[in-house]
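Summary of structural features
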Amino acid sequence: MLDCGLDMTSTLNFLPLPLVQSPRLSNLPGWSLKDGNAFLDKELKECSGHVFVDSVPEFCLPETELIDLSTVDVILISNYHCMMALPYITEHTGFTGTVYATEPTMQIGRLLMEELVNFIERVPKAQSASLWKNKDIQRLLPSPLKDAVEVSTWRRCYTMQEVNSALSKIQLVGYSQKIELFGAVQVTPLSSGYALGSSNWIIQSHYEKVSYVSGSSLLTTHPQPMDQASLKNSDVLVLTGLTQIPTANPDGMVGEFCSNLALTVRNGGNVLVPCYPSGVIYDLLECLYQYIDSAGLSNIPFYFISPVANSSLEFSQIFAEWLCHNKQSKVYLPEPPFPHAELIQTNKLKHYPSIHGDFSNDFRQPCVVFTGHPSLRFGDVVHFMELWGKSSLNTVIFTEPDFSYLEALAPYQPLAMKCIYCPIDTRLNFIQVSKLLKEVQPLHVVCPEQYTQPPPAQSHRMDLMIDCQPPAMSYRRAEVLALPFKRRYEKIEIMPELADSLVPMEIKPGISLATVSAVLHTKDNKHVLQPPPRPTQPPSSKKRKRVSEDVPDCKVLKPLLSGSIPVEQFVQTLEKHGFSDIKVEDTAKGHIVLLQEAETLIQIEEDSTHIICDNDETLRVRLRDLVLRFLQKF
Amino acid sequence: MDPECSKLLPALCAVLADPRQLVADDTCLEKLLDWFKTVMETESSLHLLQDHPCLMELLSHVLKTQDVSPRVLSFVLRLVGIFAAQEDCFQYLQQGELLLGLFGETGALSWTAWNMPSVRSGWIQGLCSLAHHPSALHFLADSGAVDTIFALQGDPSLFVASAASQLLVHILALAMQGGASGSPISEAAAWPICAQKIVNHVEESLHSKATPQVTQALNVLTTTFGRCHSPWTGVLWGRLSPPVACLFERDPIPAVHSLMDLLLSVARSHVLNFAACGLWEMLAQTLSRLSPTQAGPLALGTLKLQHCPQELRTQAFGVLLQPLACILKATTQAPGPPGLLDGTAGSSLTVDALLSSKSACVGLLCQTLAHLEELQMLPQCPCPWPQVPLLGATVTILRLCDGSVDPSSSMGGRLCGTLGGCVRVQRAALDFLGTLSQGTSPLELVLEVFAVLLKTLESPESSPTVLKKAFQATLRWLQNSHKTPNCSDLSPDALLFLGELFPILQKRLCSPCWEVRDSALEFLTHLIRHWGGQADFREALHSSEVPTLARQLLQDPESYVRASAVGTAGQLSSRGLQATSASPENPLAQQGLLMDLMHILSTDSEGFPRRAVLRVFTEWLRDGHADVIRDTEWFVATVLQAVSRDLDWEVRMQGLELAQVFLIQAMGQPSLHCPYTVGLPEATSPRPHPEFLQTLCRLPLFEFAFCALLDCDRPVAQKACDLLLFLRDKTTHCSGPQEAGDSPNSASVEAVLQRWREGEQGQPLGDLEPEAMLAILRSLDLEGLQGKLAKSSDHVEKSPQSLLQDMLATVGILEENEADCY
């Protein structure tokens, strides 16, 4: 199984979980059907024309109809965003396999899960709405609730215990490490340049190579650069995790982010940046480190609020081997690889586990707050949205591309606060993909259907799709795709003593053949040719006989034949040997030589020769010997 | 030649002839040649050679041994050429077999140093100088030099090859000049032998299958028609146009660029009768045969021609319009508005070029836009100018670049992919868009222009260079949109546009990229300069945060931005548009800006912001800014005090400018000195009030000016000199007949000035009386100083004597070193 991401957009249908009692949210009117029926008004609330479920937020799990997840042997994880569904799979499906991931992926993945669990668990909500999920009722609801898919499978967030148990099934791997899977294939993680420890995977046998490219970046940000060279010579390249905003260039967006941040703060407003606790935030902090002095923002406090803020900032500094070259070399100076260390030291950046406690003492405005969750449905961000939403001096800047910012803002409407959308997605765009594919030249590309056509909103943008030769094979939801290669060959090893005994014969210049008689020994998908057992000695005792019975019987070896039969010469030879009335017919695959007198037929084809005669064994043997004259034996 | 140089020459010749002495610096030899050339302009070279036997010795030494360095060999070849340019000297050198020995087949060509490009180049330049009289022509013909020049046209060194072509043209012109003393020789067969030889060679090369040879021949012809405008060039074209025409029939056409250059060069000639020589037909054919990218420059060149048939102009203009017509066609719904071109001839070629590759598409569009931009500004600009479709196409190109166009065809879709985010095309299109603002356009289109400009200015994807161009284009459109006579007001549409522009400008002023902040500030300054007085504009500006943000940028870490912010803040303040806290009711805040600028002037570590402050202050003083006139004396005194310590000479210069403005305001304009000016009898400027002179002493303007007079930077000293002259002029009738040194006061000033001259500038002049100042002013030889300063600072070092001494001195050092080593 390649990755197991969690679809969190389902949470956008729920009301936010405020950290402190919000009169506004708790006084929202209940929703009633057109006919005035108000039986759902406890579960559904209306806010500025949108309807939300008033319940603990739920997540949309990976589909399980198509495959029994208990039969999955291995899960390969490409980055920490792509493992958020792991506890659901390892803990509730009977999964007994192994999960492979790099260390930063696992550690930061743990932080993300921990944050998520913390955000949800610290605001316990008594109510759990389920009535609306009834298919007959759901049909009556307004969009987008009406169109939500598989709502019955939506689940509440996992617990920390489940997270720990899931993470214990992870086997840590390093870049370029080769891992044998049951002898059948070998898998290798390669740096994908997108996030700390993010990987692409190579899955290969001796004769086939499949690359799985997911969430990769060619930009120079903090992680180790993408390893492209190792992706060459792939039979199939499975491509996914491209940028969600192909038209936005991350550099431009960072500029936009900084400009709007400065503009707001200079006018005395506060800036709220809903974000994940790891990833782009490191780059943003680095940009701000260079920018704040030049923009005259040195006195503005920057707050990073997350239950895992401290761990995230510290982890980033210790994963030196997973960082880009520049940052790696800083470690040897020794200096912290990320400049946020200096921001913390100079008190420009302060971090807190939550808004409670120290933060409330230190809080000064105007300020810039980085906090989660980007969906604006839970986490400390909810508090700041409620606090600052009423003033047009403040700005919320969306940098994470995972959620539609308009949908995220819907339960906070009407909103006076300015909203800026600067999605920063460093993953591959289509121009970079086409360069990558030109570089690594896979025989086939397999990708989601969405990548093979321009985005629906920009149907003329032919440049916003994958353009490669041969055209990419696409797949859609629940489609089963056969990868375009056949396993034709297996590698077989020959034991040295057996190899010694072979006597090759040159049949063409440069090509030698030898017959091998051996025992094929297959175990764990490894094939070995071993010397055949010695011819059995006549049994001397009953006990010995039993032993020899275990060895397979070796029949007398017939010689192998090779070569082709030239029909004209063959006919001449037949005539020389007294056959007459010979007729030759051409067939699609070869020739038929008819011996009319003897009522016999010799069928000569490329890879077989048949002598069909009527119960005359002597004649058959004579004819066979004549045929054999034209063939080489060994 | 002056006697000092004559004395130094033998030693120098000895050094040059000595292979052990290295002339380290090539430029010395160049300067030496230049000097010889100047000497020979007034003196006979024959006499020079005869008077300085050392020169002949050097020449014959080189001829005999050739053991000098290649650079000296090259020098000698060129020197001989300069000598032999005078016919009598040529004869003299010829007698001594020197010329043949150097330029003949047994000369330089046979030396091992011939491998050096510098020697071959010296040989060509020597011949080029020499070829100035009929004897030279005979020499060239007899010595076989012309054949060598033919060969050198293909020299691996481009300098040598190019010089060889130039030399051929020079010889051809000389030969024809000699032959054509009477009426033009219409028959090429009757031309001088040397000319015939060259023309035959060119003709043969034109027939050659090898492109380099064709290129060489074309280059020779291009230079010939560019340089020679005698009737014989007509005969030459008559003979060579058929082989040139044949080149167009080859596939592919060889040496396209050289061919186009030739056609344009011929077309620019005044001598030819174009109608008769078939040039127009050839141009027309060429335009239709070349690829769009190749034809562009030819089309522009054709349109620039003075006398060109209308039909050809139309065709050439069509070539330039074709790519834009294709863009319009690919993006407009059929049938759409009338396009740029009715015919579609050649459009498939253009479409191919646009779609073949990204680089081809970008190259063609950038070239076309640049050509059209150039054309629109020329007097030869085609009329009628298709303003509307051109504007439409340019807007479309910008939309293709920002991805906002919805193309109607598959070609449009591909163009969208190719041009998306292409900075080069965006820049070219914005430049052209700016130029198009000069024409009259319908309102809908103007609104589209504003929309696309807003989009570009707003887009996070726009690079700093694109933004700069977009700001420039915006300014031009604001200036020119709906221009009504006698009305500089902004149109209502422009005002609406500004309403949307200011929030964008706010964001840009906060950009992390300093270039963007800088261009936004510059743009803002222009806006205020143009419309700062208009009520609607003021209101729109005031309701935004722009003035506050601009003021904050006075503290920007980037000096360029600070400089621009100073300009903007100064302009805002001049117009009474300062940031809201500094309203007219709150003069303290206003005073704050003056103090801020003073602070920058005295503390900023970079020169640009300080210069900008002085520019603003000078403008404020000139325009009578309220803060300045409140206490002008204090203002000038404080500025001069800060400026006098400044290390940047441009700041000191600006300080003098400010002082001058101050003086002019008090004493009137300087009197005109131009002797040819027929003016009304000047109203005698008012005699300056004695109190004013006191003020000048107190400021202390005199001290500042005297100090600047001794400034080590010449422009500052010049400016100070002018200022003091002006002051002296205005105070002629001011005081009594005191002479300098009469009073003890002026004597002490004199003494201080003397010490200043000696480099002790720390001492102040002390308290001064106006009389003493005036006395010193009169005693100074300001005119003499002005004359001295007008000469360039290296005029002493530039003298030939100094050059010869330098060369000898360098060698002398070498000798010393040698001795040391030994």
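Reading the values: rules and limits
- Throughout, a residue's number is its position along its own chain's written sequence, starting from 1.
- A letter from A marks each chain and a number from 1 marks each ligand, given out in the order of writing.
- Local features in this predicted model are restricted to residues whose pLDDT is 70 or higher, and side-chain atom pairs enter the listing and the counts only when it is 80 or higher, whereas totals over whole chains, interfaces and linings include all residues.
- Remark: hydrogens and water are excluded; side-chain values derive from all non-hydrogen atoms of the structure.
- UniProt positions are given in the numbering used here, feature names are shortened, and annotations may be inferred rather than shown by experiment.
- For helices the rule is a DSSP run of H or I covering at least 4 residues; for strands it is a run of E covering at least 2, with both sets numbered from the N terminus onward.
- Relative accessibility thresholds used throughout: buried, under 20% of the residue-type maximum; exposed, over 50%; partly exposed, between the two (1.4 Å probe, protein chains only).
- Whether two residues are in contact is decided by their heavy atoms, any of which lying within 4.5 Å being enough.
- Shrake-Rupley sampling with a 1.4 Å probe provides the accessible areas, and residues are treated as covered by the protein chains on show and by no other component.
- Here the term patch refers to residues with relative accessible area over 30% and no salt bridge, with like charges joined within 9 Å and nonpolar side chains (Val, Leu, Ile, Met, Phe, Trp, Tyr) within 5 Å.
- Throughout this description, the term salt bridge denotes a Lys or Arg side-chain nitrogen within 4 Å of a carboxyl oxygen of Asp or Glu.
- What a helix should span is 1.5 Å times the count of its residues minus one.
- As used here, the term nonpolar core means buried Ala, Val, Leu, Ile, Met, Phe, Trp, Tyr and Cys residues forming a set that is joined through side-chain atoms within 4.5 Å.
- At least two DSSP bridges between two strands are needed for those strands to be called paired.
- Every angle, taken between N-to-C directions, lies between 0 and 180 degrees, and every axis is a line fitted to C-alpha atoms, over only the stretch in contact when it is a helix.
- Angular relationships are summarised with four words: roughly parallel below 35 degrees, roughly antiparallel beyond 145, roughly perpendicular across 65 to 115, and oblique for the angles in between.
- All residues other than Ala, Val, Leu, Ile, Met, Phe, Trp, Tyr, Cys, Pro, Asp, Glu, Lys and Arg, Gly among them, are scored as polar; the first ten of these are nonpolar and the last four charged.

Within an unreviewed UniProt entry, the label attached to chain B reads Integrator complex assembly factor BRAT1, and the organism entered is Cricetulus griseus. Taken from UniProt, the Subunit (unreviewed entry) comment for chain B reads in full: "Part of the multiprotein complex composed of BRAT1, WDR73, as well as integrator complex subunits INTS9 and INTS11. Interacts with BRCA1 and ATM. Interacts with MTOR and RPTOR. Interacts with NDFIP1. Interacts with SMC1A and PRKDC." Note on chain B: under the UniProt heading Sequence similarities (unreviewed entry), the record states "Belongs to the BRAT1 family."

With an unreviewed UniProt entry as reference, chain A is termed Integrator complex subunit 9, source organism Cricetulus griseus. Its UniProt record gives chain A a comment under Sequence similarities (unreviewed entry), which states: "Belongs to the metallo-beta-lactamase superfamily. RNA-metabolizing metallo-beta-lactamase-like family. INTS9 subfamily."

This part takes up the overall build of chain B. Across its full length, chain B holds 43 helices and 0 strands. The 822 residues of chain B split such that 51% are buried. Of the contacts formed within chain B by residues at least 6 apart in sequence, a portion of 73% connects residues at least 24 apart. A total of about 36800 Å² of accessible surface is found on chain B, and carbon and sulfur atoms cover 55% of it.

Residues and elements named next belong to chain A. Where nonpolar side chains cluster on the molecular surface, the patch consists of M505, I507, I511 and L513 and spans about 280 Å² of accessible area. Breaking the nonpolar patch down by element, the ones donating at least two residues are β20 (505–508) and β21 (511–513). Inspection of the secondary structure assignment puts M505 in strand β20. Take M505: its relative accessible area is 34%, and that puts it in the partly exposed class.

Before going further, it helps to spend a moment on the pattern of salt bridges. Applying the stated criterion to the full structure yields 41 salt bridges over all chains. Close ionic contact of E150 of chain A with R477 of chain A constitutes a salt bridge, the shortest N to O distance being 3.4 Å. With E150 of chain A in the loop between α4 (135–138) and α5 (160–167) and R477 of chain A in the loop between β18 (473–475) and β19 (492–494), the pair connects residues that are 327 residues apart, well separated along the chain. Measuring nitrogen to oxygen at the nearest pair gives 2.7 Å for the salt bridge that ties D646 of chain B to R610 of chain B. Remark: R610 of chain B occurs in helix α33 (residues 607–623) and D646 of chain B occurs in the loop between α35 (632–644) and α36 (649–667); sequence separation between them is 36 residues.

Now for helix α5 (residues 70–84) of chain B. For α5 of chain B, spanning 15 residues, the distance from its first C-alpha to its last is 21 Å, which sits close to the expected 21 Å at 1.5 Å a residue. Of all the 15 residues making up α5 of chain B, 13 are buried; the element is thus mostly covered by neighbouring parts of the structure.

It is worth spelling out the nonpolar core at this point. Nonpolar side chains in soluble globular proteins tend to end up buried together. With 382 residues, the main nonpolar core has F370 of chain A together with W123 and F617 of chain B as its most contacted residues. V213, L237, L239 and V433 of chain A belong to the second-largest nonpolar core, a separate cluster that totals 21 residues.

We now examine the environment of D467 of chain A. All names here are of chain A. Considering the arrangement of structural elements, one finds D467 in the loop between β17 (444–448) and β18. A relative accessible area of 62% means that D467 is categorised as exposed. In this structure, the C-alpha to C-alpha distance between D467 and V433, residues 34 residues apart in sequence, is 8.8 Å.

All names here are of chain A. Locating Q317 in the fold gives a position in helix α8 (residues 309–318). We classify Q317 as buried; its relative accessible area is 18%. Apart from residues lying up to four places away in sequence, Q317 is in contact with P336, P337, F338, H340 and A341.

With that settled, the discussion passes to the environment of C366 of chain B. Residues and elements named next belong to chain B. Along the chain, C366 falls in helix α21 (residues 358–376). With relative accessibility at 11%, the residue C366 sits in the buried group. Counting along the chain gives 167 residues from C366 to V199, while the straight-line C-alpha distance between them is 39 Å. Here C366 is in contact with R424, V425 and A428, once residues within four sequence places are set aside.

Let's shift gears to the sheet that holds strand β10 (residues 236–240) of chain A. Residues and elements named next belong to chain A. Strand order across the open sheet formed by 7 strands is β6-β7-β8-β9-β10-β17-β18, with mixed pairing between neighbours. Of all the strands in the sheet, the pair left with one neighbour each is β6 (179–181) and β18. Recorded for the sheet is a direction-independent mean angle of 20° between the axes of neighbouring strands.

Moving on, we come to the packing of helix α6 (residues 250–266) of chain A against helix α27 (residues 492–509) of chain B. At a minimum axis separation of 8 Å, α6 of chain A and α27 of chain B run at an interaxial angle of 100°. As summarised for this structure, α6 of chain A and α27 of chain B are arranged roughly perpendicular, according to the angle between their axes. When α6 of chain A is examined against α27 of chain B, the residues E256, S259, N260, L263 and R266 of chain A are found in contact with a partner set consisting of Q506, K507 and L509 of chain B. Its residues placed into classes, the contact of α6 of chain A with α27 of chain B shows 2 nonpolar, 3 polar and 3 charged.

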